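Now for the letters of each chain:
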Amino acid sequence: MLIAADKFKGSLTAVEVAEHVTTGLRRVIPDLDVAAVPVADGGDGTVAAALAAGFTRHEARVTGPTGEPVTATFALRADGTAVVEMAEASGLQHLPGGVFAPLTATTYGTGELLLAALDAGATSIVFGVGGSATTDGGAGMLAALGARFLDADGAPVAPGGGPLRELATADLSGLDLRLAKTAIVLASDVDNPLTGPKGAPAVYGPQKGADEDDVATLDAALAHYAEVLERAVGPKAAEHALAPGAGAAGGIGYGALVGLDAAFRPGIDVMLDVLGFAPALARATFVITGEGSLDEQTLHGKAPAGVAAAARAAGLDVVAVCGRLQLTQEALGAAGIQRAYALTDLESDPARCMAEAGPLLERAAESLARDFLV
């Protein structure tokens, strides 16, 4: 039995999901052989999944999205592979008092976190992006790594996406030399371009507190930013602005593509490789996956869809556990999931469902065991 589930956001980590599912299964079949590979798709929870897979925990004090210092964690393996999660430095959870700063939030701390990984000996970096409080196109990140972004007076532009409208010149020649020798993979489930109707400001800006005027300001500022970078580094800057993943995490994907020469890959594919999923799958006869909400987003590169696709290719049955289920049985089947067990079927009140997620998940796992394993 292989449990490869993501976190239940706001209630259980991926490790805790696996523990509660195991407890429920073994209430029905005490000697059941269970293995767990907690998974993530590049968003928040990615570092936690790497640590569960045996990576070593490292911490760094970095600049938060609004300038306050925060403690951020990254994971490092003995072979030099690091897993860096931008939300650890520049995520929504680091906004003081939860107050949005759509025009001024910066990714500077993410750049500092990447530097910390290099200082710790990283030779390849899986760069998970998602859950950001920022829409600065990765300018803050690149500035922390040695790039210079100046206004018409030769002064550094202020932090955030809004001030990029004042950008006059960009110079990436000062980027940390170690970056050129470091393989960086941009791991994301977002394939949006940088700007436009499907770009970072329009699609994700409102989630970060941007109103209609803010979205227009940010979209224009990022378009201008791309134009200035094109003058600095050539046509690739314009090409990358349209590339899948450029709009990830407020455009930090764009900064990674242009400045770090990162390679974009779907986050779940990268993480399954890094976490050792294939060897675990080879030993399994049945797979349980899941996440907090199984919905339309799940079908577009989220962890359960990636796990189910790999398991189905291996000829294994897959069922899912979740907090709430918003997919039809037909959609589940098309994704390779035979059935889903939702906690809301056991407790209809959402607040109680989240508060009691562990015990409810154990009950769901008991039902799963009786239906499929006895």
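Remember, it's a predicted structure, so these values are computed and weren't measured experimentally.

A. Looking closely at the overall build of the protein chain. Along the backbone of the protein chain there are 15 helices and 13 strands. Computed over the C-alpha atoms, the radius of gyration of the protein chain is 21 Å, within 12% of the 21 Å expected from 2.2 N^0.38 for a compact globule of 374 residues. Expressed as lengths along the three principal axes of its C-alpha atoms, the size of the protein chain is roughly 75 × 45 × 35 Å. Looking at the 374 residues of the protein chain, the share that counts as buried comes to 55%. Look at the contacts in the protein chain between residues 6 or more apart in sequence, and 71% of them connect residues 24 or more apart. Put simply, the protein chain shows about 15,000 Å² of open surface, and 52% of that area lies on carbon and sulfur atoms. A distance of 5 Å separates the average location of the 24 positive side-chain charges in the protein chain from that of its 45 negative side-chain charges.

B. Quick look at the nonpolar core. Ranked by internal contacts, the top residues of the largest apolar core, which has 56 residues, are Ile 125, Phe 127, Phe 149, Tyr 225 and Tyr 254. Tallying contributions element by element places helix H9 (residues 248-259) first for this core, with 7 residues. If sequence neighbours within four positions are ignored, Tyr 254 has contacts with Gly 137, Leu 194, Tyr 225, Ala 226, Leu 229, Ala 237, His 240, Ala 241, Gly 245 and Ala 246.

C. Molecular detail of the pairing of strand S4 (residues 69-76). With 6 of its 8 residues buried, S4 lies for the most part within the structure. As paired strands, strand S3 (residues 56-63) and S4 are joined by 8 bridges and run antiparallel to one another. Counted as the bridge partner of His 58 is Phe 74 from S4. Linking two consecutive strands that pair antiparallel, namely S3 and S4, is a turn of 5 residues; a positive phi of about 105° is found at Gly 67 within it.

D. Looking closely at helix H7 (residues 212-233). Compared with the 32 Å implied by 1.5 Å per residue over 22 residues, the 31 Å span of H7 between its first and last C-alpha is a close match. Of all the positions in H7, only Asp 214, Val 215, Leu 218, Ala 221, Leu 222, Tyr 225, Ala 226, Val 228 and Leu 229 are classed as buried. End-on view of H7: buried residues confined to an arc of 165°, all on one side of the axis. For H7, exposure combined with an orientation more than 90 degrees from the buried face picks out Glu 212, Asp 213 and Arg 231. Contacts from the buried residues of H7 go to helix H5 (139-144), strand S7 (148-150), strand S8 (169-171), helix H6 (200-204), helix H8 (236-242) and H9. If you check the start of H7, you find a side-chain oxygen 3.1 Å away from the backbone N of Asp 213, and it comes from Asp 211. With its phi angle positive at about 100°, Gly 234 sits one or two positions after the end of H7.

Calculation notes
- Residues numbered from 1 in each chain as written.
- Predicted model: local features only at pLDDT ≥ 70, side-chain atom pairs only at ≥ 80, totals over all residues.
- Heavy atoms only, no water.
- Helix = DSSP H or I, 4+ residues; strand = E, 2+ residues; numbered from the N terminus.
- Rg over C-alpha atoms; globule rule 2.2 N^0.38 Å.
- Buried < 20%, exposed > 50% of the residue type's maximum accessible area, 1.4 Å probe, protein only.
- Contact = heavy atoms within 4.5 Å.
- Areas by Shrake-Rupley, 256 points an atom, 1.4 Å probe, with all protein chains shown as cover.
- Lys, Arg positive; Asp, Glu negative; His and termini not counted.
- Charge placed at Lys NZ, Arg CZ, Asp CG, Glu CD.
- Core = buried A, V, L, I, M, F, W, Y, C linked by side-chain atoms within 4.5 Å.
- Pairing = 2+ DSSP bridges.
- Expected span 1.5 Å × (residues − 1).
- Arc of directions from axis to C-beta.
- Polar contact = N/O pair within 3.5 Å; in protein donor to acceptor, adjacent residues only side chain to side chain.

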